[in-house]
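What the coordinates show
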Amino acid sequence: MTVNDLHTWQSLPAAQQPEWPDSEALRKVLADLASYPPLVFAGECDQLRARLGAVARGEAFLLQGGDCAEAFDGVSAEHIRNKLKTLLQMAVVLTYAASVPVVKVGRIAGQYSKPRSKSTETRDGVTLPSYRGDSVNGFEFTAEARIPNPERLKQMYNASAATLNLVRAFTTGGYADLRQVHAWNQDFVRNSPAGQRYESLAKEIDNALAFMHACGVDPEEFKTVEFYSSHEALVLDYETALTRTDSRTGDLYDVSGHMVWIGERTRQLDGAHVEFAAKVRNPIGVKLGPTTSPEEALTLIERLDPEREPGRLTFITRMGAGKVRDRLPTLVEKVTASGAQPVWICDPMHGNTFEAETGHKTRRFDDVLDEVKGFFEVHRALGTHPGGIHVELTGDDVTECVGGGDEVFVDDLHQRYETACDPRLNRSQSLDLAFLVAEMYRGH
Ligand SMILES: O=C[C@H](O)[C@H](O)COP(=O)(O)O
Ligand SMILES: C=C(OP(=O)(O)O)C(=O)O
């Protein structure tokens with residue numbers, strides 16, 4: 001297949017695309033992007049597909065997480081380090097409890113584009129185009145900032161490259177050493193009110209590490225970490241410009257990230273996003289909300305994973321805590337009966353958003369936890385593998401979601417409400433979730 005074969009999506013309806021005011025400026029930007037070096041290698045995408053194959057077979061667990069919307073001014077060593085540190089801490093706890101490898105994938109280095117429920121936003125009687133992510137327009141509520149500017153796609157490429165560069169340095173340069181990550185978890189358990197109830201699990205991990213150390217076990221795997229990038233493949237012009245033919249196989253890879261997913265608002269079976277994703281060899285995710293029918297899920301498998309290759313397709317279910325026990329079983333049952341073996345993971349964020357009385361868009365930690373519980377219950381009852389979680393989180397101490405062991409109250413939301421789009425779990429809530437999911441997994 002060549003890059004020319006990719007363009008079939010252009011004749012199909014493409015939801016949620018920016019309305020660029022200057023098509024010549026867009027054309028020039030896309031031509032430049034198409035000449036830039038890849039951000040990831042095809043071989044790395046294959047390796048992730050193999051790792052996800054293990055998840056599909058029930059031999060590994062997937063932890064996927066990061067910002068709802070990355071922002072260009074968030075490309076700093078501090079933000080990236082905090083996010084990575086939180087994900088690594090979560091992964092250690094989950095690895096111990098699940099006793100299987102945890103595949104670590106960030107919503108990072110490319111998560112700059114957002115689908116929106118409404119194309120405009122009104123404040124105090126003024127209506128402007130909605131903010132669609134830093135790759136498209138500015139967050140500031142002014143007419144000028146909200147005009148889509150294709151130069152931002154180049155900024156997205158550069159921000160992704162800088163982020164990936166630091167992530168690669170952190171994960172291979174000693175920062176991610178298992179003992180250090182465990183020491184951070186011990187600090188969390190010792191020093192935070194939220195952490196204290198996990199003392200016994202942290203102690204068990206400590207004993208296991210001490211035992212291995214005493215035996216002289218110190219493998220290379222303890223010192224570095226395999227970490228992958230992912231984002232929603234939303235702005236198809238960008239994703240197409242970043243697609244290359246792999247010289248080894250002649251297959252197409254979207255080299256803007258290791259894994260890309262199709263969102264709940266863009267997964268139309270006859271739409272452009274499914275058509276694009278069907279052409280590239282990356283591992284593909286698809287969000288499935290509560291209205292998804294088993295027939296839709298089966299057609300998505302047919303389109304995106306006709307060979308039924310474990311690891312190629314991940315279904316990211318986001319039903320809402322109140323619906324997961326009702327909607328998920330039929331989907332999993334029918335897909336399993338068809339012989340397909342996708343990875344099933346739970347996004348407990350997007351079905352649980354509501355507006356607090358203060359006007360902030362928020363989520364309750366208890367709802368997030370309850371959706372994960374429901375997800376585990378359904379898979380246990382059906383004998384299928386609850387393959388992982390997909391979470392919007394940050395390593396910073398923001399106040400965007402309510403609840404958690406170090407409780408955030410509705411009246412606290414204004415203090416550090418920093419997200420550009422949806423509310424994220426803060427560092428303490430994320431670790432809380434990891435320990436609680438770990439306990440659930442052990443129950444399993
Ligand atoms: O992250 C997901 C969506 O982009 C987000 O939930 C849309 O938010 P909106 O309903 O405010 O547009
Ligand atoms: C838009 C998102 O979610 P969904 O497509 O599930 O609404 C997202 O994960 O950023």
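Residues numbered from 1 in each chain as written. Chains lettered and ligands numbered in written order. Predicted model: local features only at pLDDT ≥ 70, side-chain atom pairs only at ≥ 80, totals over all residues. Heavy atoms only, no water.

1. Considering helix H2 (residues 42-56)
We apply this condition: Put simply, DSSP H or I for four residues or longer makes a helix, DSSP E for two residues or longer makes a strand, and each gets a number counted from the N terminus. A helix's residues, less one, multiplied by 1.5 Å, set its expected span. Buried, partly exposed and exposed residues are distinguished by accessible area as a fraction of the type maximum, computed with a 1.4 Å probe on protein chains only: under 20%, between the cut-offs, and over 50%, respectively.
Over its 15 residues, H2 extends 21 Å from the first C-alpha to the last, a length consistent with the 21 Å expected when each residue adds 1.5 Å. With 11 of 15 residues buried, H2 is to be regarded as a mostly interior element. Buried residues of H2: Ala42, Glu44, Cys45, Asp46, Leu48, Arg49, Leu52, Gly53, Ala54, Val55 and Ala56, and no others. Looking one or two places after H2, you find glycine 58, whose phi comes out positive at around 85°.

2. Structural notes on the site of ligand 1
The line we're drawing: One heavy atom within 4 Å of a molecule or strand makes the whole residue count as near it. For this analysis, a polar contact is any N or O atom pair within 3.5 Å, provided that within protein one partner can donate a hydrogen and the other can accept it, and provided that sequence-adjacent residues contribute only side-chain to side-chain pairs. Note on areas: these come from Shrake-Rupley sampling with a 1.4 Å probe, and a residue is covered only by the protein chains present in the view. Residues are sorted three ways: Asp, Glu, Lys and Arg are charged, Ala, Val, Leu, Ile, Met, Phe, Trp, Tyr, Cys and Pro are nonpolar, and all the rest, Gly among them, are polar.
Around ligand 1 lies a shell formed by Cys68, Lys114, Pro115, Arg116, Ser117, Arg265, His350, Lys361, Glu392, Cys421 and Asp422. Contacts to ligand 1 include lysine 114, whose side-chain N or O atom sits 3.0 Å from an oxygen atom. Contact distances for ligand 1 include 3.1 Å between an oxygen atom and a side-chain N or O atom of histidine 350. With the chains in place, 83% of the 340 Å² that ligand 1 exposes on its own is no longer accessible. Its residues assigned to classes, the shell around ligand 1 shows three nonpolar, two polar and six charged.

3. Points about the pairing of strand E14 (residues 388-392)
The cut-off we apply is this: Any two strands are treated as partners once DSSP identifies two or more bridges connecting them.
For E14, a buried count of five out of five residues is recorded, marking the element as mostly surrounded by other parts of the structure. Neither face of E14 is exposed, since Gly388, His390 and Glu392 on one face and Ile389 and Val391 on the opposite face are all buried. As paired elements, strand E1 (residues 61-66) and E14 share five bridges and run parallel to each other. What sits directly across from leucine 62, in E14, is glycine 388.

4. Quick word on the pattern of salt bridges
Which entries qualify depends on this criterion: We define a salt bridge as a contact between a side-chain nitrogen of Lys or Arg and a carboxyl oxygen of Asp or Glu at a distance within 4 Å.
This model, assessed by the stated rule, comprises 37 salt bridges. Note that arginine 179 is salt-bridged to aspartate 218, the shortest N-O span being 2.9 Å. Of the two residues, arginine 179 is situated in helix H5 (residues 178-191) and aspartate 218 in the loop between helix H6 (199-214) and strand E5 (227-232); the sequence distance between them amounts to 39 residues. Between arginine 327 and aspartate 326 there is a salt bridge whose closest N-O contact spans 3.0 Å. For arginine 327, a relative accessible area of 33% corresponds to the partly exposed category.

5. Remarks on the packing of helix H10 (residues 324-337) against helix H11 (residues 365-382)
Counted only if it meets this: Structural elements are reduced to axes, namely lines fitted to C-alpha atoms, with helices fitted over the stretch in contact, and the angle between N-to-C directions of any two is expressed from 0 to 180 degrees. For a crossing to be left-handed, the near helix must be turned anticlockwise from the far one by less than a right angle; the clockwise case is right-handed. When checking whether two residues touch, look at their non-hydrogen atoms; a contact exists if any pair is within 4.5 Å.
Taken N-terminus to C-terminus, the directions of H10 and H11 make an angle of 40°; their axes are 9 Å apart at the nearest point. You can see that H10 and H11 cross each other, and the crossing is right-handed. In this structure, H10 contributes Val324, Arg325, Leu328, Pro329, Val332 and Glu333 to the contact, and H11 contributes Asp370, Glu371, Lys373, Gly374, Phe375, Glu377, Val378, His379 and Leu382. Across the contact of H10 with H11, the residue classes break down as seven nonpolar, two polar and six charged.

6. Brief notes about the UniProt feature "binding site: Mn(2+)" (unreviewed entry) in the protein
This is how it is decided: UniProt positions are given in the numbering used here, feature names are shortened, and annotations may be inferred rather than shown by experiment.
Cross-referencing UniProt, the feature "binding site: Mn(2+)" (unreviewed entry) maps to Cys68, His350, Glu392 and Asp422 in the present numbering. In three dimensions, the annotated residues from a span of 355 residues occupy one location, with a maximal C-alpha spread of 10.1 Å. By the secondary structure assignment, cysteine 68 is in the loop between E1 and helix H3 (77-98). When neighbours within four sequence positions are excluded, cysteine 68 is seen to be in contact with Arg107, Gln111, Lys114, Glu392, Thr419, Cys421, Asp422 and Arg424. Considering the arrangement of structural elements, one finds aspartate 422 in the loop between E14 and helix H12 (427-443). Not counting chain neighbours up to four residues away, the residues in contact with aspartate 422 comprise Cys68, His350, Lys361, Arg363, Glu392 and Glu400. Here the side chain of aspartate 422 touches lysine 361 through a polar contact of 2.5 Å, side chain to side chain.

7. Focus: the site of ligand 2
Surveying the vicinity of ligand 2 reveals 13 residues, the closest of which are Arg107, Lys114, Glu264, Lys287 and Arg318. The separation between an oxygen atom of ligand 2 and a polar side-chain atom of arginine 318 is 2.6 Å. For ligand 2, whose free accessible area comes to 290 Å², the fraction covered by protein is 98%. The residue inventory of the shell around ligand 2, partitioned by class, reads two nonpolar, three polar and eight charged.

8. Some words on unusual backbone geometry
Positive phi, normally seen in glycine, also occurs at serine 99, with a value near 55°. Note on placement: serine 99 falls in the loop between H3 and strand E2 (102-107). Not every positive phi belongs to a glycine, and aspartate 124 is a case in point at roughly 45°. Structurally, aspartate 124 is set in the loop between strand E3 (120-123) and strand E4 (126-129). Aspartate 124 gets classed as exposed once you look at its relative accessible area, which sits at 82%.

9. Digging into the packing of H3 against H5
Describing two packed helices takes the angle between their axes plus the distance from one axis to the other. So the rule is basically this: Between 65 and 115 degrees an angle is taken as roughly perpendicular, under 35 as roughly parallel, over 145 as roughly antiparallel, and anywhere else as oblique.
At their nearest, the axes of H3 and H5 sit 9 Å apart, and the two run at 95° to each other. Taken together, the axes of H3 and H5 are roughly perpendicular relative to one another. Taking contact as the criterion, the partners of Lys85, Leu88, Gln89, Val92 and Val93 in H3 are, on H5, Leu178, Val181, Trp184 and Asn185.

10. What to know about the packing of aromatic side chains
Heads up, the condition is: Each aromatic pair joins two rings of Phe, Tyr and Trp (for Trp, the six-membered one) with centres within 6.5 Å, and gets the label stacked for planes under 30 degrees apart, edge-to-face for over 60, and tilted for any other angle. Only when the NZ atom of a Lys or the CZ atom of an Arg is both within 6 Å of the ring centre and within 35 degrees of the ring normal do we say a charge sits over the ring.
Evaluation of the coordinates by the stated rule reveals 11 aromatic pairs. Their ring planes at 10° and their centres at 4.5 Å tell us that tyrosine 198 and phenylalanine 435 sit as a pair that is stacked. Here phenylalanine 435 lies in helix H12 and tyrosine 198 lies in the loop between H5 and H6, a separation of 237 residues in the sequence. In terms of burial, tyrosine 198 and phenylalanine 435 fall into one category: buried. Ring centres 6.1 Å apart and planes at 75° place the aromatic pair phenylalanine 375 and phenylalanine 376 in the edge-to-face group. Note on phenylalanine 376: relative accessible area 1%, which makes it buried. Taken together, the ring pairs in this structure connect Phe61, Phe375, Phe376 and Tyr441 into an aromatic cluster. Just above the ring of phenylalanine 354 sits the side chain of arginine 364; from NZ or CZ to the centre is 4.2 Å.

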